[in-house]
Amino acid sequence: MTVALAPAGTKALPIHVLGTEDVALWAGQQSDRIRTWVEANAFKGSIGTALIIPDDAGHPETALVGYGTQATRKRDRFALAAALPKLVPGTYRIESGIAPDDLEQEALGWLLASYSFTRYRESTATHPTLVTPDGVDAARVSVLAEAEFLVRDLINTPASHMGPSELESAARALADKHGASIAVTTGDALLADNFPMIHTVGRASDRAPRLIDLTWGSRGPKITLVGKGVCFDTGGLNIKPGSSMGLMKKDMGGAANVLGLAHMIMASGLDVRLRVLIPAVENAVSGNSFRPQDILTSRKGLTVEINNTDAEGRLVLADALTYGSEGKPDLIVSMATLTGAARVAVGPDLAPYYTDDDVVATSLDLSARRMADPVWRMPFHDPYETMIEPGIADLDNAPKGGFAGSITAALFLRRFVSEHDRYIHFDIYGWQPSAAPGRPKGGALQGARALFESLPVILDL
Ligand code: BES
Ligand code: MN
Ligand code: ZN
């Protein structure tokens, strides 16, 4: 699938984007013929509406797309994309009505709306094409859309076709595309190389656990991304009920998102030394599953009492974060579908993140708005540290009571980086529960685009 805007100058039907308050004024400035057509079709400029205006011979001459009001635009992303189902196939260009600062976001929404997951069924849908608006960097918007398509494809692929080895293949394909290097530690080699918790969580599956380590770039600051790659999460011996297990193919959503972010970084040639670490495992039930009350020793040497085998993400991430931290990066980021508690707190749309660095937070919040990728800062609340400290080991993987479940998971992860590291942790959902403009139901990019946009500020590039 090509994900691209048409070059400027391509023959196209002009679109006037009109808010509800602009329609009467615009129509008043047109010929009787056009004014009559707009009124006869009751075009009011609401979001999600469009009107094709024909010329005297009945051929399309102009398109109107509704832009609502500032208040209705705030209720969703991608107001332009909302009208795409109402446009006949063809090529369009934006003639008026969108502020220059918003053109990139609306163009991106247009591209994102053209996604379909075609691995198991071809798509017959045809999508209108948009000509690159003035001042928009077509290559950049393509890269942003490709990244999101990669994330969606990886998450949407069922666990039977997206196990640890297939996730490795996807990382290798991305590495090949960008000339990155990749090293993978698999199965018992995880024990020999001191990744004990990745091995423990993944050993019950007949699909071997592994740590994927992709590196790219030879100059500039070091950024290390760690993504949770639990290809399926049954919960282990603390098995999930069917209703909670149903969506757990998406438990590698963090891995998918860091790969999407890596694509954006590499395709745009940022001056950074990038590393992507993905502990890829399946949390399965078998005779050799790890058990409640087992005590694991992590790569860092901290001992962890298992109080719930379903709190597996933090275990595999812990060893990967320690390893990442050993490389002394300038920034270390984890992305993970880590807790149900994060969903209860902020729902499926917002990507909650944790950082102790106020500069990072300010930059991320701004970038999130610019990139239509909303994030929300959560606290690394130090007084809750006691909640993750059990009696007979250093750490508890699943504090009783469940208070502040996303925060305690974040605090757990923070123990495994160095206190000198600049660290950001995202506790994402990775899934769009029902279709919205530019966001079909299914796997979703979250936080990665906002982070990409803020890297030049955070890393002083
Ligand atoms: N993958 C889940 C978290 C999850 C659940 C993300 C639903 C998105 C939607 C994770 O491995 C998990 O099961 N977490 C437990 C932790 C608990 C046992 C401490 C949770 O959140 O219930
Ligand atoms: Mn789990
Ligand atoms: Zn999980």
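Residues numbered from 1 in each chain as written. Chains lettered and ligands numbered in written order. Predicted model: local features only at pLDDT ≥ 70, side-chain atom pairs only at ≥ 80, totals over all residues. Heavy atoms only, no water.

As for the overall build of the protein
- Helix and strand counts for the protein come out as 15 helices and 19 strands.
- Scaling as 2.2 N^0.38, a compact globule of 461 residues should have a C-alpha radius of gyration of about 23 Å, and the protein matches this with 24 Å.
- The C-alpha extent of the protein, read off along each of the three principal axes, is 85 × 45 × 45 Å.
- Expressed as a percentage of its 461 residues, the buried residues of the protein come to 56%.
- The contacts in the protein between residues at least 6 apart in sequence include a share of 76% that link residues at least 24 apart.
- Surface exposure of the protein reaches about 18,800 Å², of which carbon and sulfur atoms provide 52%.
- Each charge class in the protein was averaged separately, 43 positive and 53 negative side chains, and the resulting centres sit 2 Å apart. (Helix = DSSP H or I, 4+ residues; strand = E, 2+ residues; numbered from the N terminus. Rg over C-alpha atoms; globule rule 2.2 N^0.38 Å. Buried < 20%, exposed > 50% of the residue type's maximum accessible area, 1.4 Å probe, protein only. Contact = heavy atoms within 4.5 Å. Areas by Shrake-Rupley, 256 points an atom, 1.4 Å probe, with all protein chains shown as cover. Lys, Arg positive; Asp, Glu negative; His and termini not counted. Charge placed at Lys NZ, Arg CZ, Asp CG, Glu CD.)

Quick word on unusual backbone geometry
- At Lys328, a position not held by glycine, the phi torsion is positive, near 50°.
- Looking at the element boundaries, Lys328 is found in the loop between α11 (313-326) and β13 (331-336).

Some details on the coordination of the manganese ion (ligand 2)
- Distances from the manganese ion (ligand 2) to its protein donors, namely Asp233 (OD), Asp310 (O), Asp310 (OD) and Glu312 (OE), fall within the range 2.0 to 2.2 Å.
- Sequence spacing among the residues donating to the manganese ion (ligand 2) works out to D-x76-D-x1-E.
- Between the two metals, the manganese ion (ligand 2) and the zinc ion (ligand 3), the spacing is 3.1 Å, and Asp233 donates to both. Taken as a pair, Asp233 in strand β9 (residues 229-233) and Glu312 in the loop between β12 (303-305) and α11 lie far apart in primary sequence, 79 residues in all.
- On the accessibility criterion, Asp233 (2% relative accessible area) is buried.
- By relative accessible area, Glu312 is classed as buried at 1%. (Donors = N, O, S within 2.8 Å, 3.2 Å for Na, K, Ca; no water.)

A look at the coordination of the zinc ion (ligand 3)
- The zinc ion (ligand 3) binds to the protein through Lys228 (NZ), Asp233 (OD), Asp251 (OD) and Glu312 (OE); the donor distances cover 2.0 to 2.4 Å.
- Each of the 6 donor atoms bound to the zinc ion (ligand 3) contributes to angles spanning 77 to 175°, and the resulting shape is octahedral.
- Motif for the zinc ion (ligand 3), donor spacing along one chain: K-x4-D-x17-D-x60-E. (Tetrahedral: all angles 85-135°; square planar, octahedral: opposite > 155°, others 65-115°.)

Some remarks on the side chain of Arg275
- Relative to the elements of secondary structure, Arg275 occurs in strand β10 (residues 273-283).
- Side chain to side chain, Arg275 and Asp213 meet in a polar contact 2.7 Å long. (Polar contact = N/O pair within 3.5 Å; in protein donor to acceptor, adjacent residues only side chain to side chain.)

A closer look at the domain arrangement of the protein
- Taken domain by domain, the protein consists of domain 1 (13-136) and domain 2 (142-458).
- Put simply, the middle of domain 1 and the middle of domain 2, counted by C-alpha atoms, are 38 Å apart.
- With 17 residues of domain 1 at the interface, the matching set in domain 2 holds 23 residues.
- Each partner contributes to the roughly 1,800 Å² buried at the junction of domain 1 and domain 2, and carbon and sulfur atoms together form 60% of this total.
- Scanning the region where domain 1 abuts domain 2 turns up 1 salt bridge.
- Arg439 is paired through a salt bridge with Asp76; the nearest N and O atoms lie 3.0 Å apart.
- The interface formed by domain 1 and domain 2 contains 8 residue pairs in polar contact (both at pLDDT 80 or more).
- Looking at the side of domain 1 that touches domain 2 residue by residue, the classes come out as 10 nonpolar, 3 polar and 4 charged. (Domains from an automatic or database assignment. Buried area = accessible area lost by both parts, 1.4 Å probe. Salt bridge = Lys/Arg side-chain N within 4 Å of Asp/Glu carboxyl O. Nonpolar A, V, L, I, M, F, W, Y, C, P; charged D, E, K, R; others polar.)

Some points on the pattern of salt bridges
- In this structure the tally under the stated criterion is 30 salt bridges.
- A salt bridge links Arg172 to Glu168; the nearest nitrogen and oxygen atoms lie 2.9 Å apart. With Arg172 and Glu168 both in helix α6 (residues 164-178), this residue pair falls 4 residues apart, about one helical turn.
- A salt bridge links Asp213 to Arg275; its shortest N-O distance comes to 2.7 Å. Of this pair, Asp213 sits in strand β7 (residues 210-216) while Arg275 sits in strand β10, placing them 62 residues apart in sequence. Of the two residues, Asp213 and Arg275, neither departs from the other in class, the shared state being buried.

What to know about α6
- For α6, built from 15 residues, the straight-helix expectation of 21 Å at 1.5 Å per residue is met to within 8% by its first-to-last C-alpha distance of 21 Å.
- Burial in α6 covers these residues: Pro164, Leu167, Glu168, Ala170, Ala171, Leu174, Ala175 and His178. The arc that holds the buried residues of α6, viewed along the axis, is 160°, so those residues lie on one side. Exposed residues pointing more than 90 degrees away from the buried face of α6 are listed as Asp176 and Lys177.
- In the core, the buried residues of α6 are packed alongside α5 (138-156), β6 (181-186), β7, β9, α10 (253-267) and β10.
- Positive backbone phi, approximately 65°, marks Gly179, located one or two places after α6. (Expected span 1.5 Å × (residues − 1). Arc of directions from axis to C-beta.)

Digging into the sheet that holds β12
- Across the sheet, 3 strands lie side by side as β11-β12-β16; this open sheet has mixed pairing. Each edge of the open sheet carries a strand with a single partner, namely β11 (295-297) and β16 (395-396).
- Where β11 and β12 come together, 3 bridges link them in antiparallel fashion. Residue pairing for β12: Thr297 is matched across the bridge by Thr303. (Pairing = 2+ DSSP bridges.)

Focus on the site of ligand 1
- In the vicinity of ligand 1 lie 17 residues, with Lys240, Asp251, Asp310, Glu312 and Gly340 positioned nearest.
- The side chain of Lys228 places a nitrogen or oxygen atom 3.2 Å from an oxygen atom of ligand 1.
- The side chain of Asp251 places a nitrogen or oxygen atom 2.8 Å from a nitrogen atom of ligand 1.
- Here the shell around ligand 1 is built from residues that sort into 5 nonpolar, 4 polar and 8 charged. (Near = heavy atom within 4 Å.)

Notes on the packing of α5 against α10
- Interhelical geometry of α5 versus α10 gives an angle of 155° and a closest axis separation of 8 Å. As judged from the angle between their axes, α5 and α10 are roughly antiparallel. Between α5 and α10 the crossing geometry is right-handed. Here α5 contributes Val143, Leu144, Glu146, Ala147, Leu150, Val151, Leu154 and Ile155 to the contact with α10, which in turn contributes Gly253, Ala256, Asn257, Leu259, Gly260, His263, Met264 and Ala267. (Axes fitted to C-alpha atoms, helices over the stretch in contact; angles between N-to-C directions. Parallel < 35°, antiparallel > 145°, perpendicular 65-115°, else oblique. Left-handed = near helix turned anticlockwise from the far one by under 90°.)

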